[in-house]
Amino acid sequence: MGKATAIFGAGCFWGVEAFFERFEGITHTRVGYTGGHTAHPSYEQVKTGTTGHAEAISIEYDPEVITYGGLVNIFFECHDPTSRNKQGIDVGHQYRSAIFYGTEGEKAIAEEKIQQWTNKGVFKRPIVTEVTEAGTFYEAEEYHQKYSQKNGSFACGIS
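Rules of the game
- Residues numbered from 1 in each chain as written.
- Predicted model: local features only at pLDDT ≥ 70, side-chain atom pairs only at ≥ 80, totals over all residues.
- Heavy atoms only, no water.
- Helix = DSSP H or I, 4+ residues; strand = E, 2+ residues; numbered from the N terminus.
- Rg over C-alpha atoms; globule rule 2.2 N^0.38 Å.
- Buried < 20%, exposed > 50% of the residue type's maximum accessible area, 1.4 Å probe, protein only.
- Contact = heavy atoms within 4.5 Å.
- Areas by Shrake-Rupley, 256 points an atom, 1.4 Å probe, with all protein chains shown as cover.
- Lys, Arg positive; Asp, Glu negative; His and termini not counted.
- Charge placed at Lys NZ, Arg CZ, Asp CG, Glu CD.
- Salt bridge = Lys/Arg side-chain N within 4 Å of Asp/Glu carboxyl O.
- Phe/Tyr/Trp six-rings, centres within 6.5 Å; stacked < 30°, edge-to-face > 60°.
- Lys NZ or Arg CZ within 6 Å of the ring centre and 35° of its normal.

### Description of the overall build of the protein chain
Phase 1 of the analysis: What the protein chain contains, in helices and strands, is 5 helices and 8 strands.
Phase 2 of the analysis: Its helices and strands in sequence order give the protein chain the pattern β-α-β-α-β-α-β-β-β-α-β-β-α, from N to C terminus.
Phase 3 of the analysis: Rg of the C-alpha trace for the protein chain: 14 Å, near the compact-globule value of 15 Å for 159 residues, within the 12% margin.
Phase 4 of the analysis: Along the three orthogonal principal directions, the C-alpha set of the protein chain runs to about 35 × 35 × 30 Å.
Phase 5 of the analysis: Taken across its 159 residues, the protein chain has 48% of its residues classed as buried.
Phase 6 of the analysis: A separation threshold of at least 6 residues defines the contact pool for the protein chain, and within that pool the share at least 24 residues apart is 77%.
Phase 7 of the analysis: Entry remark: accessible area of the protein chain is about 7700 Å², with carbon and sulfur atoms responsible for 50%.
Phase 8 of the analysis: Looking at the protein chain, you have 14 positive and 20 negative side-chain charges, and the mean spots of the two groups are 7 Å apart.

Below you can see the structure in the form of structure tokens.
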């Protein structure tokens, strides 16, 4: 079947990347920016909240090992999907909870997973995750890639 790609926004991308890399079937990750209106944004631009972009992670995975639905479940485990534009100490639209789908099938899975997680009653508040068609994914600067590995710690409160 080959490789597939999924893109998620779940707050600060450093810790999200480190969290996802723990799972079998994930073959490559890159952090970056997507969902906004500024072409080729820099971190300095995105952190101002004026580009419309979210900090995000692009995940290459083997669908024979892990499904898209499995990735969405991991996404819901690694952040607070009930917090609008805020994750931990990071506040702003650039830290929103978002699933950036590539196909109508992925959109349907994302919406189904939101309903499943809602029905589980795990969260005390409603899920506010955006489900948005994926646009251009701009890779973040190299010093952001594998940040937790390079710096020997998990960032953004994820451990």
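Having seen the model, we can carry on.
### A word on the pattern of salt bridges
A side chain with one charge may pair with a side chain of the opposite charge, provided their charged atoms come close.
Phase 1 of the analysis: Under the counting rule described, the total for this entry stands at 6 salt bridges.
Phase 2 of the analysis: With a shortest N-O distance of 3.2 Å, glutamate 130 and arginine 96 are connected by a salt bridge. Placement of glutamate 130 in strand S7 (residues 130-133) and of arginine 96 in the loop between strand S5 (90-91) and strand S6 (97-101) is noted, with a sequence separation of 34 residues between them.
Phase 3 of the analysis: Exposure remark for glutamate 130: the relative accessible area of 27% places this residue in the partly exposed category.
Phase 4 of the analysis: By relative accessible area, which is 3% here, arginine 96 ends up buried.
Phase 5 of the analysis: When salt bridges with common partners are traced through the structure, they connect Glu17, Glu21 and Lys146 into a single cluster.

### Quick notes on the packing of aromatic side chains
Phase 1 of the analysis: Counted by the stated rule, this structure contains 8 aromatic pairs.
Phase 2 of the analysis: Ring plane angle 45° and centroid distance 5.8 Å describe the contact between phenylalanine 13 and tyrosine 33, whose orientation is recorded as tilted. In this pair, phenylalanine 13 sits in helix H1 (residues 13-20) while tyrosine 33 sits in strand S2 (residues 26-34), placing the two residues 20 residues apart along the sequence. Of the two residues examined, phenylalanine 13 and tyrosine 33, each falls in the buried class.
Phase 3 of the analysis: Ring pairing ties together the aromatic residues Phe8, Phe20, Tyr68, Phe75, Phe76, Trp117 and Phe123, which thus form one cluster.
Phase 4 of the analysis: Lying across the ring of tryptophan 117, lysine 120 places its NZ or CZ 3.7 Å from the centre.

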